[in-house]
Amino acid sequence: MTEVILKNISKRFKNVTAVDDVSFEITDGDFFVLLGPTGAGKTTTLRLIAGLEKLDGGEILFDGQPINELTPAARDVAMVFQQYSLYPNMTVYDNLAFPLRSPVHKLPEDQIKQRVEEACTILHINHLIERKTAHLSGGEMQRVSIGRAIVRDPRLYLMDEPLSNLDAKLRETLRVELEHIQKTQGSTTLFVTHDQVEALTMADRIGVLNEGKLVQIGDSN
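Figured I'd write up the structure that's included with this text. (Residues numbered from 1 in each chain as written. Predicted model: local features only at pLDDT ≥ 70, side-chain atom pairs only at ≥ 80, totals over all residues. Heavy atoms only, no water.)

## Focus: the packing of aromatic side chains
In this description, an aromatic ring pair is defined by two values, namely the gap between the centres and the angle between the planes. A full pass over the atoms with the stated rule returns three aromatic pairs. Between Phe 24 and Phe 32, the aromatic rings sit 4.8 Å apart at their centres with planes inclined by 5°, giving stacked as the arrangement. The two residues Phe 24 and Phe 32 agree in class, both being buried. Ring geometry for Tyr 87 and Phe 98: centres 4.8 Å apart, planes at 55°, overall tilted. Residue Tyr 87 is found in the loop between strand E6 (77-80) and helix H3 (92-97), and its partner Phe 98 is found in the loop between H3 and helix H4 (109-123); the two are separated by 11 residues along the sequence. According to the relative accessible area criterion, Tyr 87 is partly exposed, its value standing at 35%. Relative accessible area serves as the criterion here: at 35%, Phe 98 is assigned to the partly exposed category. (Phe/Tyr/Trp six-rings, centres within 6.5 Å; stacked < 30°, edge-to-face > 60°. Buried < 20%, exposed > 50% of the residue type's maximum accessible area, 1.4 Å probe, protein only. Helix = DSSP H or I, 4+ residues; strand = E, 2+ residues; numbered from the N terminus.)

And the structure:
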């Protein structure tokens, strides 16, 4: 996977500094959690790494190479959002296959089928594969959203509070599964949350953001 380094990154929206001179490193294969309250700058940091927002200052590097000028597609990251970004009139299979049929990937259908089936097995959603996502529960939809990231085999996973809309029991179940997936795949992951228990349960390392500033960083144990 990928080592990620953020060097003194900043982002302003008019008179508000959303991310203020933030620096940290995510080592290859690390599960790094960015913890902080609403408005701390967590999502903006993710969007800067993904290339969905433009830096006002600083530098982002993947494996030692600056990526500031790369397009989102060229960065090869996969984002999982709080809201389930799925196509409701498509089946689970077609939702998972969709990113692999894009001009960036455009894989042969046999390879797409293999990747989709592997992701479904990992996430225990094989029985849903022909169902339209509009007919799924919240937990099932979030599993499909995570599956869309897994099939791409990206350099980096960015997860923006993906469990916050789920009930407590399901959130706990998916926390365990996400941690297991990350460990078995050795994927570099940046996970954003406002939940301390979630951070301490899942993370290798935790960074604490408040009002756009990184106030603390360290191991979770």
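Once the structure has been displayed, the description carries forward.
## Remarks on the pattern of salt bridges
The final tally for this structure, using the stated rule, is 11 salt bridges. Between Arg 101 and Glu 109 there is a salt bridge whose closest N-O contact spans 3.1 Å. Judged by relative accessible area, Arg 101 falls into the partly exposed class, the value being 36%. Beyond isolated ion pairs, a larger network of salt bridges with shared partners links Asp 94, Arg 101 and Glu 109. (Salt bridge = Lys/Arg side-chain N within 4 Å of Asp/Glu carboxyl O.)

Take it as geometry only, folks, not as evidence of what the structure does.
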